[in-house]
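The residues making up each chain are set out below.
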Amino acid sequence: MEAAASMTRRISPFLLAILMIAFVLSLASIYAGFEAYIRNNSSEGSLYLTMGMTTLIISTYLWLQTRKHMLRFGMGMEPLNTTVECLKCGFKNVRDFQRGDYIFKHTEDQCPKCNEKTMTIGSIFREVKEKEKAREAGYS
Amino acid sequence: MLTIQQVAQVLPGQDNVLSWVLQIVFLGIFVVFMFYGQRIQMYIMIREVEGSLFKLRMMRDEGRKSAIKTINEIGKPQVDPTAQVDRFLEYFAISPVDLDPAGIIWRLEHVLDVQDLRLKEDVKLMAPAADATQINNLENTLEAALMLNIIYKVIRHYYLLGKKTLSLYIIMQVQMILPLIMKEAEAFASALKAFELGQPIGDGAGALVAAKLMRNFEKTKIEKDVVVAKVPLEGRTAYVLKAEGPGGNVGKPGEAIKQVIEQNEGKISLAIVIDAAGKLEGEKTGEVAEGIGVAIGGPGVDKYKVEETALKYKVPVNAIVIKEDVGDAVSPMRKEIFDAADSVIERIKRLIRERTKEGDFIIIAGVGNSIGIGQ
């Protein structure tokens, strides 16, 4: 699924055009607001500035949202840990999962502690982050 | 910033060009929404479905690519397997007629057997160099890709139908169930990687419990892809069953339990079935619960066989389940699920101490996909 993250969703040209128009209008409105202030018309200036700033914030927010949507597209999964343990002395070693690993597989590895070839895969699991667990739990 | 007076200037009734412009715009929006509100809502829904459909298509394509890549890597085929994979992704099975339900279980079992045999043979043809474990894993990978293809095609069907007919109700139905469908599709997408690499998945929780119990005891093969070990437990003799691992396999636990009961002429004091079960929102992953009945999912053939045999010999059947959601069931096993296996074993020991006498024979069946779990 690594490739998934690099794939991007097609953004509607219509939406892009609207965002662009809103962005240009907001800049024009801000310019008009400053001009009105220079002409000592503070009420008109405030109105144009507020309109311009609001539109600028909304259009920027929408643009950022579409970008965020693209980045969130991948399907992430926590790495899987394999625990290899020695049946004789109980020595444990945690490493990344490798193709061919399975629970209760006797590996050919030598135990670094007792030098016996009694290493077995005791567990394979992934650990979900606390943040994800809290999201799962919902209200409780 | 704006004062109340400044805002009032732009409201209707003020002698201000901008206020008139705004008034016309507001009226225009009101009229548009009055006549085209539903249509606008429908277009918004169509856009939402379209977005999800894009994501589903991406998952489907990734599934297909991943299956082809794994077949090429493991199976070392002489010819390009793409055409065979594409044929596999369109595979279907027709369930038996249910107008006359008598005997439907046996007919369904036959259809499932033929399907399983056919899929395995197809995978063997695609990947001639793969061993039995790899063939099972490849079959699981292709099945996950097949599921993604089906989900994509069904959603595409309703999306296009809704767009073609401009029916709000067709689009609305798809849009409403879309979050659940996407969750399922994402689960299958993450399952692809697990199946491809032979990683244990959440559904294997029951098989893991059985594997822990039968470890270091002699195992014999019973029925299709199921192993059994005679394990002394709390002064009783337990027949511990699980699907043969570490290949992706669920076996036929129902038929295996039936055979063990019949081999013992019904002298089984207790049968305990352990399986992963869907959790409700708010429940914790890896939570253990126990109850009565046959905890075997799937089309119902295995459950039926256990129920029939248990009834015939009056064997009490208890169930212990490990709670997890659909995503966890097909994705690599979580620590909470792995850890739950030990608490299930404690519950099994308590159950047999409470419900049986020393010297009794019992059955402990760990149900679920044995991928990545040896014995």
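Quick caveat, the model's predicted, so the values are computed rather than measured. (Residues numbered from 1 in each chain as written. Chains lettered and ligands numbered in written order. Predicted model: local features only at pLDDT ≥ 70, side-chain atom pairs only at ≥ 80, totals over all residues.)

Trainee: Account for the domain arrangement of chain B, naming residues and giving values.
Mentor: Residues and elements named next belong to chain B. Once the domains are mapped, chain B shows domain 1 (44–197) and domain 2 (202–366). Contacts between the two partners involve 19 residues from domain 1, matched on the other side by 12 residues from domain 2. Put simply, the parts of the chain that give the side of domain 1 that touches domain 2 at least two residues each are α4 (104–126), α5 (132–165) and α6 (168–197). Looking at the side of domain 1 that touches domain 2 element by element, the count peaks at nine residues for α6. Looking at side-chain class alone, the side of domain 1 that touches domain 2 contains nine nonpolar, five polar and five charged residues. (Domains from an automatic or database assignment. Contact = placed C-beta atoms within 7 Å. Helix = DSSP H or I, 4+ residues; strand = E, 2+ residues; numbered from the N terminus. Nonpolar A, V, L, I, M, F, W, Y, C, P; charged D, E, K, R; others polar.)

Trainee: Summarise the sheet that holds strand β5 (residues 288–292) of chain B; cite the residues concerned and give the values.
Mentor: Within a sheet, each strand pairs with its neighbour through backbone hydrogen bonds, oriented either parallel or antiparallel. Residue and element names in this part refer to chain B. If you trace the seven strands from one edge of the open sheet to the other, you get β1-β2-β3-β7-β4-β6-β5, paired in mixed fashion. Looking along the sheet, the strands with just one partner apiece sit at the ends: β1 (219–222) and β5. Sheet twist, expressed as the mean angle between neighbouring strand axes with direction ignored, is 25 degrees. When strand β4 (residues 270–278) meets strand β6 (residues 317–324), the two strands line up parallel, connected through eight bridges. Looking at β6, one finds that Val273 is bridged to Ala319. Lying on the sheet, helix α11 (residues 335–355) is in contact with β2 (226–233), β3 (236–243), β4, β5, β6 and β7 (361–366); it crosses β6 at an angle near 160 degrees. (Pairing = 2+ DSSP bridges. Axes fitted to C-alpha atoms, helices over the stretch in contact; angles between N-to-C directions.)

Trainee: Account for unusual backbone geometry, naming residues and giving values.
Mentor: Residue Pro246(B) follows Gly245(B) across a cis peptide bond; omega there is 5 degrees. Checked against the element boundaries, Pro246(B) lands in the loop between β3 and α8 (253–263). One non-glycine residue, Phe104(A), lies in the positive phi region at around 75 degrees. Even without a glycine there, the phi angle at Asn115(A) is positive, about 60 degrees. Mapped onto the elements, Asn115(A) comes out in the loop between β2 (92–96) and β3 (119–126).

Trainee: How would you explain the packing of α4(B) against α5(B) if you had to name every residue and give the values?
Mentor: Residues and elements named next belong to chain B. As a packed pair, α4 and α5 sit with axes 10 Å apart at the nearest point and diverge in direction by 105 degrees. Compared by their axis directions, α4 and α5 come out roughly perpendicular. Of α5, the residues touching α4 (which contributes Leu119, Lys120, Val123 and Lys124) are Ile135, Leu138, Glu139 and Leu142. (Parallel < 35°, antiparallel > 145°, perpendicular 65-115°, else oblique.)

Trainee: Break down the confidence of the model for chain B for me, citing the residues and quoting the values.
Mentor: When pLDDT is averaged along chain B, the result is 90; 95% of the residues meet or exceed 70. Scored by ipTM, the complex comes to 0.82, with pTM at 0.81. (pLDDT = per-residue confidence, 0-100.)

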